[in-house]
Amino acid sequence: LFVTAGVPEYESIICNKNYGCGKSITKLTGFPRHDYLNNTAQKIIIINPTWRLNLWKLSVNEFKKSSYFTSWNNLLKDKKINYLLKKQGYKIIFILHNNMEKFANCFYKNENIIIPSEKNYSEIFSIGSLFITDYSSNAFEFAYLRKPIIYFQFDKSTFFADHSYNKGYFDYEDNGFGEVCYDNQIISKTISYYLQNNCDLKDLYKARINKFFAFNDKNNCERVYNEIMKLENRK
(Lines give C-alpha, C1' and ligand atoms only; values in the text may rest on other atoms or scores of the structure.)
Protein backbone atom coordinates (compact mmCIF):
# COMPACT_ATOMS: atom_id res chain seq x y z
CA LEU A 1 0.00 0.00 0.00
CA PHE A 2 1.38 3.41 -1.04
CA VAL A 3 -0.39 6.34 0.66
CA THR A 4 -0.20 9.87 -0.76
CA ALA A 5 -1.35 13.30 0.41
CA GLY A 6 -1.31 15.48 -2.71
CA VAL A 7 -3.33 15.13 -5.90
CA PRO A 8 -0.31 15.83 -8.22
CA GLU A 9 1.78 13.44 -6.11
CA TYR A 10 -0.80 10.68 -6.48
CA GLU A 11 -1.16 11.24 -10.22
CA SER A 12 2.61 11.27 -10.79
CA ILE A 13 2.99 7.90 -9.05
CA ILE A 14 0.16 6.04 -10.78
CA CYS A 15 1.21 7.43 -14.19
CA ASN A 16 4.93 6.66 -13.87
CA LYS A 17 5.64 3.06 -14.85
CA ASN A 18 9.05 3.20 -13.17
CA TYR A 19 7.34 3.17 -9.76
CA GLY A 20 5.39 0.01 -10.49
CA CYS A 21 2.53 1.29 -8.31
CA GLY A 22 -0.86 1.52 -9.99
CA LYS A 23 -4.25 2.49 -8.58
CA SER A 24 -4.63 -0.82 -6.76
CA ILE A 25 -1.55 -0.03 -4.63
CA THR A 26 -1.47 3.79 -4.52
CA LYS A 27 -4.16 5.52 -2.47
CA LEU A 28 -4.98 9.19 -1.97
CA THR A 29 -5.65 9.29 1.76
CA GLY A 30 -3.58 12.12 3.22
CA PHE A 31 -0.72 11.48 5.63
CA PRO A 32 -1.66 10.38 9.18
CA ARG A 33 0.95 12.72 10.68
CA HIS A 34 -0.89 15.71 9.23
CA ASP A 35 -3.81 14.99 11.55
CA TYR A 36 -1.57 16.09 14.42
CA LEU A 37 -0.35 19.36 12.95
CA ASN A 38 -1.72 22.50 14.60
CA ASN A 39 -1.35 26.18 13.86
CA THR A 40 -0.35 28.20 16.93
CA ALA A 41 1.69 30.75 15.00
CA GLN A 42 3.94 33.11 16.93
CA LYS A 43 6.34 35.76 15.67
CA ILE A 44 8.81 33.09 14.60
CA ILE A 45 10.53 32.76 11.22
CA ILE A 46 11.78 29.26 10.45
CA ILE A 47 14.82 28.93 8.18
CA ASN A 48 15.41 25.28 7.28
CA PRO A 49 17.81 24.58 4.39
CA THR A 50 18.43 21.02 3.30
CA TRP A 51 21.87 19.43 2.95
CA ARG A 52 24.29 19.07 0.05
CA LEU A 53 25.98 15.82 -0.93
CA ASN A 54 29.11 17.66 -2.09
CA LEU A 55 29.50 19.64 1.18
CA TRP A 56 28.69 17.51 4.18
CA LYS A 57 32.12 15.86 4.41
CA LEU A 58 34.13 19.07 4.00
CA SER A 59 36.26 20.60 6.73
CA VAL A 60 34.97 23.76 8.39
CA ASN A 61 37.42 25.93 6.46
CA GLU A 62 36.41 24.35 3.17
CA PHE A 63 32.73 24.67 4.01
CA LYS A 64 33.07 28.41 4.69
CA LYS A 65 34.21 28.91 1.09
CA SER A 66 31.01 27.41 -0.32
CA SER A 67 28.14 29.42 -1.82
CA TYR A 68 25.84 27.47 0.52
CA PHE A 69 27.51 28.98 3.57
CA THR A 70 27.93 32.50 2.20
CA SER A 71 24.36 32.71 0.88
CA TRP A 72 22.68 31.54 4.09
CA ASN A 73 25.07 33.39 6.35
CA ASN A 74 24.61 36.65 4.45
CA LEU A 75 20.87 36.20 4.85
CA LEU A 76 21.24 35.84 8.61
CA LYS A 77 23.48 38.91 8.74
CA ASP A 78 21.23 41.05 6.53
CA LYS A 79 20.93 44.47 8.22
CA LYS A 80 17.43 45.26 6.99
CA ILE A 81 16.06 41.90 8.09
CA ASN A 82 17.67 42.19 11.50
CA TYR A 83 16.28 45.71 11.88
CA LEU A 84 12.77 44.49 11.03
CA LEU A 85 13.09 41.48 13.33
CA LYS A 86 13.71 43.81 16.23
CA LYS A 87 11.13 46.39 15.14
CA GLN A 88 8.33 43.89 14.51
CA GLY A 89 9.20 41.59 17.41
CA TYR A 90 10.11 38.51 15.37
CA LYS A 91 12.81 35.90 15.92
CA ILE A 92 14.49 33.50 13.51
CA ILE A 93 14.98 29.82 14.30
CA PHE A 94 17.71 28.53 11.97
CA ILE A 95 17.58 24.76 11.61
CA LEU A 96 20.23 22.87 9.69
CA HIS A 97 19.70 19.40 8.25
CA ASN A 98 21.21 16.67 10.45
CA ASN A 99 23.96 16.10 7.89
CA MET A 100 25.04 19.73 8.16
CA GLU A 101 24.76 20.25 11.92
CA LYS A 102 28.52 20.01 12.45
CA PHE A 103 28.73 23.42 10.73
CA ALA A 104 26.19 25.11 13.02
CA ASN A 105 28.77 27.23 14.83
CA CYS A 106 29.92 28.73 11.53
CA PHE A 107 26.73 30.71 11.08
CA TYR A 108 25.93 34.19 12.34
CA LYS A 109 23.56 34.52 15.27
CA ASN A 110 22.43 37.21 17.69
CA GLU A 111 19.65 37.76 20.23
CA ASN A 112 17.04 37.50 17.45
CA ILE A 113 18.53 34.47 15.67
CA ILE A 114 18.43 31.11 17.41
CA ILE A 115 20.21 27.93 16.28
CA PRO A 116 18.68 25.16 18.44
CA SER A 117 20.64 22.09 19.47
CA GLU A 118 17.45 19.99 19.67
CA LYS A 119 14.50 20.00 17.27
CA ASN A 120 10.82 19.20 17.68
CA TYR A 121 9.48 19.53 14.15
CA SER A 122 5.77 19.35 14.98
CA GLU A 123 6.24 22.22 17.45
CA ILE A 124 8.35 24.16 14.95
CA PHE A 125 5.71 23.82 12.24
CA SER A 126 3.09 24.91 14.74
CA ILE A 127 4.73 28.08 16.08
CA GLY A 128 6.30 29.31 12.85
CA SER A 129 4.72 32.18 10.90
CA LEU A 130 6.99 32.02 7.84
CA PHE A 131 9.07 29.13 6.51
CA ILE A 132 12.21 29.66 4.42
CA THR A 133 14.00 26.80 2.72
CA ASP A 134 15.76 25.87 -0.48
CA TYR A 135 14.40 22.42 -1.38
CA SER A 136 13.41 20.78 1.93
CA SER A 137 10.25 18.66 1.83
CA ASN A 138 9.42 20.11 5.25
CA ALA A 139 7.85 22.95 3.28
CA PHE A 140 4.93 20.61 2.49
CA GLU A 141 4.16 20.21 6.21
CA PHE A 142 4.21 23.96 6.69
CA ALA A 143 2.06 24.56 3.61
CA TYR A 144 -0.51 22.09 4.96
CA LEU A 145 -1.09 24.61 7.76
CA ARG A 146 -1.72 27.36 5.19
CA LYS A 147 1.24 29.49 6.20
CA PRO A 148 3.66 31.30 3.84
CA ILE A 149 6.84 29.84 2.40
CA ILE A 150 9.84 31.31 0.58
CA TYR A 151 12.27 29.20 -1.47
CA PHE A 152 15.89 30.43 -1.57
CA GLN A 153 17.49 28.59 -4.51
CA PHE A 154 20.79 30.35 -5.14
CA ASP A 155 22.28 27.13 -6.56
CA LYS A 156 19.39 25.93 -8.71
CA SER A 157 21.64 25.43 -11.74
CA THR A 158 23.81 22.87 -9.94
CA PHE A 159 21.67 21.41 -7.13
CA PHE A 160 19.99 18.56 -8.97
CA ALA A 161 23.22 17.67 -10.79
CA ASP A 162 25.37 17.57 -7.65
CA HIS A 163 22.91 16.23 -5.06
CA SER A 164 21.50 12.77 -4.37
CA TYR A 165 18.20 12.93 -6.25
CA ASN A 166 16.70 14.17 -9.49
CA LYS A 167 14.04 16.76 -10.15
CA GLY A 168 10.54 15.28 -9.94
CA TYR A 169 7.01 16.36 -10.87
CA PHE A 170 7.03 19.43 -8.58
CA ASP A 171 8.11 22.66 -10.29
CA TYR A 172 8.87 25.38 -7.75
CA GLU A 173 8.02 28.28 -10.05
CA ASP A 174 4.74 26.83 -11.33
CA ASN A 175 3.62 24.72 -8.36
CA GLY A 176 5.51 26.15 -5.38
CA PHE A 177 3.75 27.42 -2.28
CA GLY A 178 5.70 30.70 -2.15
CA GLU A 179 8.12 32.99 -3.94
CA VAL A 180 11.28 31.50 -5.44
CA CYS A 181 14.31 33.74 -4.84
CA TYR A 182 17.68 33.27 -6.49
CA ASP A 183 19.89 35.86 -4.77
CA ASN A 184 20.28 37.56 -1.41
CA GLN A 185 18.92 40.90 -2.57
CA ILE A 186 15.60 39.47 -3.75
CA ILE A 187 15.05 37.23 -0.73
CA SER A 188 15.83 40.14 1.60
CA LYS A 189 13.07 42.17 -0.05
CA THR A 190 10.66 39.23 0.06
CA ILE A 191 11.24 38.51 3.75
CA SER A 192 10.94 42.22 4.53
CA TYR A 193 7.54 42.27 2.81
CA TYR A 194 6.22 39.43 4.98
CA LEU A 195 7.64 40.91 8.18
CA GLN A 196 5.79 44.14 7.45
CA ASN A 197 2.54 42.39 6.47
CA ASN A 198 1.90 40.08 9.41
CA CYS A 199 3.25 37.07 7.47
CA ASP A 200 -0.10 36.69 5.71
CA LEU A 201 -0.38 33.96 3.08
CA LYS A 202 -0.97 35.40 -0.39
CA ASP A 203 -4.07 34.29 -2.29
CA LEU A 204 -2.01 32.83 -5.17
CA TYR A 205 -0.17 30.43 -2.88
CA LYS A 206 -3.23 29.61 -0.81
CA ALA A 207 -4.96 28.53 -4.01
CA ARG A 208 -1.98 26.34 -4.97
CA ILE A 209 -1.94 24.71 -1.54
CA ASN A 210 -5.68 24.05 -1.60
CA LYS A 211 -5.34 22.53 -5.07
CA PHE A 212 -2.42 20.32 -4.03
CA PHE A 213 -3.70 18.70 -0.82
CA ALA A 214 -6.66 16.37 -1.21
CA PHE A 215 -7.81 16.61 2.41
CA ASN A 216 -7.66 19.01 5.34
CA ASP A 217 -10.14 17.39 7.73
CA LYS A 218 -7.92 15.52 10.24
CA ASN A 219 -9.36 12.20 9.03
CA ASN A 220 -6.22 10.95 7.29
CA CYS A 221 -5.59 8.28 9.94
CA GLU A 222 -9.08 6.91 9.42
CA ARG A 223 -8.69 6.75 5.63
CA VAL A 224 -5.36 4.93 5.90
CA TYR A 225 -6.84 2.52 8.44
CA ASN A 226 -9.75 1.76 6.12
CA GLU A 227 -7.38 1.04 3.22
CA ILE A 228 -5.37 -1.31 5.44
CA MET A 229 -8.57 -3.12 6.43
CA LYS A 230 -9.42 -3.55 2.75
CA LEU A 231 -6.10 -5.34 2.34
CA GLU A 232 -7.01 -7.62 5.24
CA ASN A 233 -10.37 -8.41 3.69
CA ARG A 234 -8.70 -9.43 0.42
CA LYS A 235 -6.77 -12.26 2.08
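Anything mentioned here points back to the structure above.
The following paragraphs examine the structure supplied in this document.

Our focus in this paragraph is the nonpolar core. Counting residues in hydrophobic clusters, the biggest one holds 64 residues, and the most contacted among them are Ile45, Trp72 and Phe107. Of the residues forming this core, the biggest block, five residues, is contributed by helix H3 (residues 67-77). Setting aside its immediate chain neighbours within four residues, Ile45 contacts Leu85, Tyr90, Lys91, Ile92, Ile93, Leu130, Ile132, Leu195 and Cys199.

Once that is clear, we can look at the state of the cysteines. The full count for this structure, using the stated rule, is zero disulfides. Summary of cysteine pairing: Cys21 is not part of a disulfide, and the nearest cysteine sulfur, belonging to Cys15, is at 12 Å. Of all cysteine sulfurs, the one in Cys199 lies closest to Cys181, which takes part in no disulfide; the gap is 14 Å. The exposure class of Cys181 is buried, given its relative accessible area of 1%.

What follows deals with helix H4 (residues 79-88). Here H4 has its buried residues at Ile81, Asn82, Leu84 and Leu85. For H4, the angular spread of buried residues about the axis comes to 165 degrees, placing them on one side. More than 90 degrees from the buried face of H4, the exposed residues found are Lys79, Tyr83, Lys86 and Lys87. Buried residues in H4 make contact with strand S3 (44-47), H3, strand S4 (91-94), strand S5 (113-114) and helix H9 (184-195). With a side-chain oxygen lying 3.0 Å from the backbone nitrogen of Lys80, the N-terminal cap of H4 falls on Asp78.

Conventions adopted
Residues numbered from 1 in each chain as written. Predicted model: local features only at pLDDT ≥ 70, side-chain atom pairs only at ≥ 80, totals over all residues. Heavy atoms only, no water. Core = buried A, V, L, I, M, F, W, Y, C linked by side-chain atoms within 4.5 Å. Buried < 20%, exposed > 50% of the residue type's maximum accessible area, 1.4 Å probe, protein only. Helix = DSSP H or I, 4+ residues; strand = E, 2+ residues; numbered from the N terminus. Contact = heavy atoms within 4.5 Å. Disulfide = S-S within 2.5 Å. Arc of directions from axis to C-beta. Polar contact = N/O pair within 3.5 Å; in protein donor to acceptor, adjacent residues only side chain to side chain.

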